Structure formats: C-alpha cells, structure tokens
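# Overview (structure and organization)
One-letter residues, chain by chain:
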Amino acid sequence: MSIVISGTGLYTPPYTISNDELVSAFNEYVAKYNSEHAKAIAQGEIEGLKPSSSEFITKASGIENRYVMSKDGILDTDVMMPLIAERDNEQVSIQTEMAVAAAREAMASANKTSDDIDLIIVACSYTQRAYPAIAIEVQQQLGCKGWAYDMLVACSSATFGIMNASNALLGNTAKTVLVISPEIASPQINYRDRDSHFIFGDVATAVVVEKQETATAQHCFKILSQQPMTSFSNNIRSNFGHLNRCNPETADSSDKLFVQQGRKVFKEVLPMVYALIDQEMAKNNLQASDLKRLFLHQANINMNTFVAKKVLGRNPQGNEAPIILNEFANTASAGSIIAFHRHHDDMVSGDKAIICSFGAGYSAGCLVIEHL
Ligand code: CO8
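First, a word on scope: everything that follows refers to the structure included in this document. All values reported here derive from a predicted model rather than from experimental measurement. Residue numbers run consecutively from 1 along every chain, following the written order of its sequence. In keeping with the predicted nature of the model, local features appear solely for residues at pLDDT of at least 70, side-chain atom pairs appear and are counted solely at 80 or more, and the whole-chain, interface and lining totals rest on all residues. Side-chain measures were taken over the full set of non-hydrogen atoms in the model, leaving aside hydrogen atoms and water.

Time to look at helix α10 (residues 335-342). Exposure categories follow from relative accessible area, calculated using a 1.4 Å probe and restricted to protein chains: below 20% of the type maximum is buried, above 50% is exposed, and the middle band is partly exposed. Labels follow the DSSP assignment, with helices taken as runs of H or I lasting at least four residues and strands as runs of E lasting at least two, numbered in each case from the N terminus. Among the 8 residues that make up α10, 7 are buried, leaving the element largely enclosed by the rest of the structure. Taken together, the buried positions of α10 are Gly335, Ser336, Ile337, Ile338, Ala339, Phe340 and His341.

Dropping the structure here:
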C-alpha cells in the first residue's frame with residue numbers, strides 16, 4: 001500500500017517584525033540597562049550588554065523578517081514579550097484558530113472535506129495547554145469524526161507527525177489524516193538575549209496524508225521512505241513546563257525560555273543530517289541528480305547551504321533547496337513544510353524530493369517523496 005501527501009496549507013499571522021525594528025528595541029533596552037548599571041559596569045562588577053545588529057542577523061542566519069500573532073509588547077523595552085489576552089473556555093483557543101486556518105487550505109488542496117478526515121495530529125514544539133488536546137479542539141472546530149492527539153518533538157514535530165500519520169494509515173486506524181503544526185514560538189523567545197532574540201517567528205502549516213487509492217489532488221507525493229532519528233542534547237533547551245510553579249524562586253528565570261549553544265548545534269547537527277539523508281538516498285537507490293528539490297528545516301541559511309552542497313555535491317541552484325527563512329524566520333517544525341508548500345507547484349510526475357527536519361532533541365526526520 002502506498003501513502004501520499006496530497007495537500008498542504010499555510011496560515012500566516014497578521015503582524016510582521018523586521019530585523020531593524022527588533023534590533024532598535026533591543027538596542028534601546030541595552031542602552032537603558034547599561035545606563036542604569038553604569039557604576040557597576042565601570043567598577044567591573046558586571047559586564048555591560050552589547051548591541052545587536054541587523055547586518056549580523058541577516059549574515060549569520062538569513063533571517064530578515066518574522067510574522068507574529070501579537071506585536072504588542074515585543075518592541076516595548078519594559079515588556080519584551082508578546083502580550084496575548086487570555087481567552088475564556090468558551091472561545092476558540094489561539095493555537096486552534098491558527099491550526100484550523102492552515103487545515104482548511106490543506107483540505108481544499110487535497111479535495112477533502114471534514115467528512116473525509118478521521119485523524120488529526122497536532123505536531124509542534126509547544127501546545128498552549130496540556131489538555132484537552134489542541135488536536136481534539138481542532139477536530140471539533142472542523143467537525144471531523146475519528147480521533148485526534150497532540151505530539152511534541154520540537155523541530156521535527158511535523159516530519160515525525162507525517163510518519164505517525166503514515167503508520168496509522170498502514171495500520172488501518174485511519175483513512176485520511178491531517179498533520180497540523182501551529183507553531184507559536186514568539187512567547188518563548190528571550191527578547192533580552194542578543195544571541196537569540198531574532199531567531200523565531202509564528203506560523204501554522206498543515207498537510208493531508210492518505211492512501212494513494214483515495215487521493216485525487218493535482219499534486220500527490222508518494223512517501224518512498226521515512227526515517228526519524230533522535231540523540232539527546234542540552235544544546236537547545238527550554239525548561240518551561242508544568243513543574244515550574246513548584247519552585248517559585250526560579251519559575252520565571254531565563255532558562256524557562258529558548259536557550260541554545262548555536263555554534264555547537266551547527267557543528268553537531270550537520271553530520272547527523274548528512275548521514276540521515278545519505279542513508280535514505282541509498283535506501284531508495286537515489287543519486288543527487290535524481291532529486292528535484294530539498295525541502296530542508298529552516299533554522300539557518302548557512303546550515304541549509306552546507307547540507308544542500310553536501311547532498312548535491314555542488315551549490316544549490318534556483319529553488320533546488322528553497323529558503324523561506326528570510327520571510328518567516330525559524331518557525332521550528334513548520335519550516336520545511338512552508339518550503340514544500342510554497343515550492344511544489346512546478347513539480348511533475350516522477351520528480352523526487354526530500355523533506356528533512358532537524359533541531360532540538362536533537363531530532364531529525366527525513367522523508368523521501370515522489371510526485372505521482
Ligand atoms: N548582533 C551582533 N553580533 C552578535 C549577535 C547579534 N545579535 N549575536 C552574537 N553576535 C556576535 C557574537 O558575540 C560573536 O562575537 P565574537 O566573535 O566577538 O565573540 C559573533 O557575533 C559570532 O557569534 P556566533 O558564533 O554565536 O554566531 P554564529 O555565526 O554561530 O551565528 C546563530 C549564530 C545564528 C545562532 C547560529 O549559530 C545558528 O543558527 N546555529 C544553528 C542553530 C540551530 O539550528 N538551532 C536550532 C534551533 S532550534 C529549533 O529550530 C526549534 C526549537 C524549538 C522551538 C523553539 C520555539 C521558541
């Protein structure tokens with residue numbers, strides 16, 4: 001039995017923040033901090049903070065812009081986080097709203113209605129609550145029957161979610177699956193940290209996964225092989241969780257936000273990713289020249305160029321390894337799916353591609369796909 005990805009959807013949040021806006025707010029905060037602590041800095045008791053720069057951000061990461069669900073507060077040096085009003089239990093949750101918008105587009109592109117969907121997997125880096133599952137609220141909003149659950153594997157949530165969908169289809173526990181990644185990363189950014197204040201943006205993606213025999217969409221991609229992998233590392237970590245309130249002194253400390261050793265991640269994750277892609281290409285008897293496109297995780301443009309060069313044996317040309325980082329920033333697990341969503345319309349029967357996620361965990365997920 002063959003499994004296909006038959007539709008994709010993208011929800012883009014309403015607000016944008018450019019590097020210049022972000023850097024200007026950060027540098028205002030730095031000036032204020034340094035002035036308030038001028039004496040201690042002069043006496044060598046504490047170190048002054050260094051300013052950020054748009055040029056560094058673009059050069060080091062490829063990021064130029066990000067979308068956010070709420071811009072309020074992020075650029076205010078007294079707040080420096082998105083202010084998002086709590087909704088009461090009768091209202092639809094913000095993450096569900098994002099998920100449903102992406103899901104509707106994916107369903108339309110796959111020629112599916114709510115009656116066809118019998119499994120919804122919300123696969124992302126954070127869910128806004130533990131229960132009831134966001135996926136079950138999405139199921140209710142879309143009016144789908146069947147079952148639904150949430151899963152978190154940070155950057156590899158979407159690819160692992162597609163693999164779970166495929167396994168559910170193969171195991172006959174579902175007929176048509178929605179895998180949705182509503183990534184609302186902006187609340188987890190430490191906007192006072194020079195090394196990471198620019199990294200993430202918000203977005204939601206969705207894909208429809210089904211058996212080839214039921215697929216009718218114009219663009220259907222057969223999954224030729226799928227391979228997840230993980231290897232524990234503290235180099236990308238957030239200690240945010242439901243135990244935080246049990247230790248009130250540290251409940252709000254900066255380790256409860258996204259923290260990474262970016263250089264180490266760069267060096268350690270790349271070899272894992274080459275090895276995984278090599279293994280999957282060998283499994284499918286594929287040469288670099290057989291690949292039409294590489295839809296890679298979008299954390300850093302230099303990382304993507306490295307991976308693409310290693311896989312293709314030369315620099316990627318045109319949109320062979322599309323980059324969406326400039327517009328969206330790092331959107332955790334949604335990144336490779338945005339690239340896929342935006343850059344598959346020109347693919348034709350027989351074209352092969354790789355979708356590969358990598359990041360926190362460490363985790364990496366590789367799918368080899370072929371246009372039917
Ligand atoms: N402005 C100006 N200069 C800066 C800035 C800044 N903002 N930040 C650092 N610098 C300076 C440093 O101080 C350093 O100066 P010096 O050489 O004098 O010490 C110099 O620039 C170089 O610094 P780095 O070596 O840190 O710079 P890099 O070239 O390594 O770039 C990156 C930093 C962009 C962070 C890069 O290391 C990177 O992208 N690494 C890979 C990261 C990665 O893939 N991470 C995975 C992310 S995790 C994920 O995708 C999902 C997580 C789960 C979701 C979380 C949701 C919130």
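Turning to helix α3 (residues 54-61), its buried residues are Ser54, Ile57 and Ser61. All buried residues of α3 lie within an arc of 75 degrees about the axis, which places them on one face of the element. Exposed residues pointing more than 90 degrees away from the buried face of α3 are listed as Glu55 and Lys59. Backbone geometry just downstream of α3 places Gly62 in the positive-phi region, at approximately 90 degrees. Within this analysis, the arc is defined by the directions that extend from the helix axis to the C-beta atoms.

Before going further, it helps to spend a moment on the sheet that holds strand β1 (residues 3-11). Only when DSSP finds a minimum of two bridges between them are two strands counted as paired. Strand order across the open sheet formed by 9 strands is β5-β4-β6-β7-β1-β8-β13-β12-β11, with mixed pairing between neighbours. The open sheet has two edge strands with one neighbour each: β5 (147-151) and β11 (291-296). Along the sheet, successive strands turn relative to each other by an average axial angle of 25 degrees, direction set aside. Sheet topology places strand β8 (residues 221-230) next to strand β13 (residues 363-371); 9 bridges connect them, and they run antiparallel. Pairing of Lys222 across the sheet is with Glu370, part of β13. Here the axes come from fitting lines to C-alpha atoms, over the contacting stretch only for helices, and the angles between their N-to-C directions go from 0 to 180 degrees.

With that out of the way, let us pick up the site of the ligand. The full set close to the ligand counts 27 residues, and Cys155, Arg194, Gln260, Arg263 and Asn300 are the nearest of them. In protein, a polar contact means a hydrogen-donor-capable atom and an acceptor-capable atom, both N or O and within 3.5 Å, with residues adjacent in sequence counting only if both atoms are side-chain atoms; elsewhere, any N or O pair within 3.5 Å suffices. Taking Ser52, its side chain carries an N or O atom lying 2.9 Å from a nitrogen atom of the ligand. Between a nitrogen atom of the ligand and a main-chain N or O atom of Arg194, the distance comes to 2.9 Å. Within the residue set of the shell around the ligand, elements represented by two or more residues are α3 and α7 (262-283). For this classification, Asp, Glu, Lys and Arg are treated as charged, while Ala, Val, Leu, Ile, Met, Phe, Trp, Tyr, Cys and Pro are nonpolar and the rest, including Gly, are polar. Split by residue class, the shell around the ligand holds 15 nonpolar, 9 polar and 3 charged. Whether a residue is near a molecule or strand depends on its heavy atoms: it is near if one of them lies within 4 Å of it.

Axis separation between α7 and helix α8 (residues 301-312) bottoms out at 10 Å; the angle between their running directions is 35 degrees. Pair α7 / α8 crosses with right-handed handedness. From α7, Val265, Phe266, Val269, Leu270, Val273, Tyr274, Ile277 and Met281 reach across to α8, where they touch Asn302, Met303, Phe306, Val307, Lys310 and Val311. Among the residues making up the contact of α7 with α8, the classes are represented as 12 nonpolar, 1 polar and 1 charged. The crossing is said to be left-handed when, going from far helix to near helix, the turn is anticlockwise and less than a right angle, and right-handed when the turn is clockwise. Two residues qualify as a contact provided that any one of their heavy atoms is within 4.5 Å of a heavy atom in the partner residue.

Geometry only, nothing functional implied.
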